[in-house]
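Structural features, examined
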Amino acid sequence: MATKAIQVHRLFDQSFWFDSISRRLVRSGELEKLRELGIRGVTSNPSIFQKAISSQADYDDQVAELAKANASTEEIYSSLVREDIRGACDILLPIYRESGGLDGHVSVEVLPSLADKTDATVAEARKLWSTIDRPNLLIKIPGTQEGFPAIEECIAHGISVNVTLLFSVDQYLESAEAYVRGLERRLESGGPLRDIASVASFFVSRLDTACDRLLDSQIAKGGERADRLESLKGKAGIANSKVAYEEFKKLLAGDRWRRLAKAGARPQRLLWASTSTKNPVYRDTLYVDSLIGRQTVNTIPPATWEAFLDHGRAAATLETDPEGARKQLARLTDAGINVNEVCHGLLAEGVSAFAAAMDKLLEAIEAKRQI
């Protein structure tokens, strides 16, 4: 019997990717099992690797071997990540081939310290692309002002990209524009488009957490507005995502995209990220059930994956009431919450959080290296 994840893919054209990776996941046979249950890709980030490498002994032998060869902490990090990502790519290669390159991807992030450095980001992306050397690899580049030209440059040179840390609709549109410009440059230079893939990782639940906090501060003051403000909680993330999806559909309907599609280009699918429920008051599958729709991806953390398989709702929900989504965001504006400003703050927080995770990861490797 097909799992809910397989049903969602077959009926509603949404793919589930797994938002976790570790040596144990790759080597134990667990990722193969997840593939059979409906997982069609894997995403990683510095926080995920920091947790895996710091808490699992599976890496100790390789760290010791590399340390004995006088490898630096940074070189050890690169070797550990390269092995895990390659292994995951190989396990998901059948999905990559079966889907014609649409799914079966594994994402690895450029160093967080490069978020404001365009040229260095491009150099790092090229290095990862060549050293990992797998056709189903995606290089994660953050959606910063310095990141967008790097994304365009990578796409123009045939490097597939996962644009990460997108919080606002404006950010998403800049990501889409960078992707399209990169494809246009590649087409003009005579390069093939068919093998290039990209997703735009649009973060969902973190926006609710931030907006709810602002709403709570107003609700605490009491008054006649309190009930109305309470009704706005837990709505921003889904509304914001639905508006972004409407923009995605507009882009695909334009002449500019049709020209690229005719040359073999694939759409840059929206990937719903940060889909675990942070507030225990909300349904634990809220950010999965509410965003099921065509030509999208949901990268799902382990606990949320288990919850969805158990009691999630497999139904087309993404395209319901798009006008209502815009009105929901307008109500937040009326309540004094500037969603774009909140999104800008979340981007800065996201970059800082990944940088901090990377520092902790290198410290953990150094500690293992000294043993």
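Our subject is the structure that appears above.
Predicted model, so just to flag it, every value in this text is computed and none were measured.

1. Some thoughts on the sheet that holds strand S5 (residues 161-166)
- The eight strands lie next to each other as S1-S2-S3-S4-S5-S6-S7-S8, forming a closed barrel whose pairing is parallel. The sheet shows a mean angle of 30° between the axes of neighbouring strands, taken without regard to direction.
- As judged from the five bridges shared by strand S6 (residues 198-203) and strand S7 (residues 269-273), these two strands associate in the parallel manner. Within S7, the residue paired with Phe203 across the bridge is Ala273.

2. Concerning the packing of helix H4 (residues 46-55) against helix H17 (residues 339-369)
- Between H4 and H17, whose axes approach to 8 Å, the crossing angle comes to 25°. Overall, the two elements H4 and H17 adopt an arrangement that is roughly parallel. Handedness of the crossing formed by H4 with H17: left-handed. Packed against H4, whose contacting residues are Pro46, Ser47, Phe49, Gln50, Ile53 and Ser54, the element H17 presents Ala353, Phe354, Ala357, Met358, Lys360, Leu361, Ala364, Ile365 and Lys368 at the interface.
- Counted by class, the contact of H4 with H17 contains 10 nonpolar, three polar and two charged residues.

3. Some remarks on the side chain of Asn298
- Among the structural elements, Asn298 can be located in strand S8 (residues 296-300).
- Looking at Asn298, its side chain comes within polar contact range of the side chain of Thr275, at 3.1 Å.
- Reaching out from Asn298, the side chain makes a polar contact with the backbone oxygen of Tyr287 at a distance of 3.4 Å.
- When residues no more than four places from it in sequence are discounted, the contact partners of Asn298 are Gln14, Ser15, Phe16, Trp17, Trp272, Thr275, Tyr287 and Val288.

4. Some details on the nonpolar core
- Core analysis: the largest hydrophobic core is formed by 114 residues, its most contacted members being Phe16, Ile21, Ile85, Ile139, Leu183 and Leu270.
- Looking at which element gives the most residues to this core, the answer is helix H6 (residues 73-98), with 10 residues.
- Excluding anything up to four places from it in sequence, Phe16 contacts Ala5, Val8, Gly38, Ile39, Arg40, Gly41, Val288, Asn298, Ile300, Trp305 and Phe308.

5. Some remarks on the environment of Glu152
- Tracing the sequence through the fold places Glu152 in helix H8 (residues 147-156).
- Classification of Glu152 by relative accessible area gives buried; the value is 14%.
- Spatially, the C-alpha atom of Glu152 lies 9.6 Å from that of Val122, the residues being 30 residues apart in sequence.

6. A short note on the side chain of Gln14
- Tracing the sequence through the fold places Gln14 in strand S1 (residues 14-18).
- In this structure the side chain of Gln14 is engaged in a polar contact, spanning 2.7 Å, whose partner is the backbone oxygen of Leu291.
- At 2.9 Å, the side chain of Gln14 forms a polar contact with the side chain of Thr296.
- Discounting residues that sit within four places of it in the chain, Gln14 has contacts with Val8, His9, Trp272, Leu291, Ile292, Gly293, Thr296, Val297 and Asn298.

7. Here we look at the pattern of salt bridges
- Following the criterion strictly, the structure yields 28 salt bridges and no others.
- Between Arg181 and Glu152 there is a salt bridge; the shortest N-O distance is 2.7 Å. With a gap of 29 residues between them, Arg181 in helix H9 (residues 169-188) and Glu152 in helix H8 connect regions that are remote in the sequence.
- A single network of salt bridges, built from pairs that share partners, joins Glu152, Glu153, Glu177, Arg181, Glu184, Arg185 and Arg256.

About the cut-offs
- Residues numbered from 1 in each chain as written.
- Predicted model: local features only at pLDDT ≥ 70, side-chain atom pairs only at ≥ 80, totals over all residues.
- Heavy atoms only, no water.
- Pairing = 2+ DSSP bridges.
- Helix = DSSP H or I, 4+ residues; strand = E, 2+ residues; numbered from the N terminus.
- Axes fitted to C-alpha atoms, helices over the stretch in contact; angles between N-to-C directions.
- Parallel < 35°, antiparallel > 145°, perpendicular 65-115°, else oblique.
- Left-handed = near helix turned anticlockwise from the far one by under 90°.
- Contact = heavy atoms within 4.5 Å.
- Nonpolar A, V, L, I, M, F, W, Y, C, P; charged D, E, K, R; others polar.
- Polar contact = N/O pair within 3.5 Å; in protein donor to acceptor, adjacent residues only side chain to side chain.
- Core = buried A, V, L, I, M, F, W, Y, C linked by side-chain atoms within 4.5 Å.
- Buried < 20%, exposed > 50% of the residue type's maximum accessible area, 1.4 Å probe, protein only.
- Salt bridge = Lys/Arg side-chain N within 4 Å of Asp/Glu carboxyl O.

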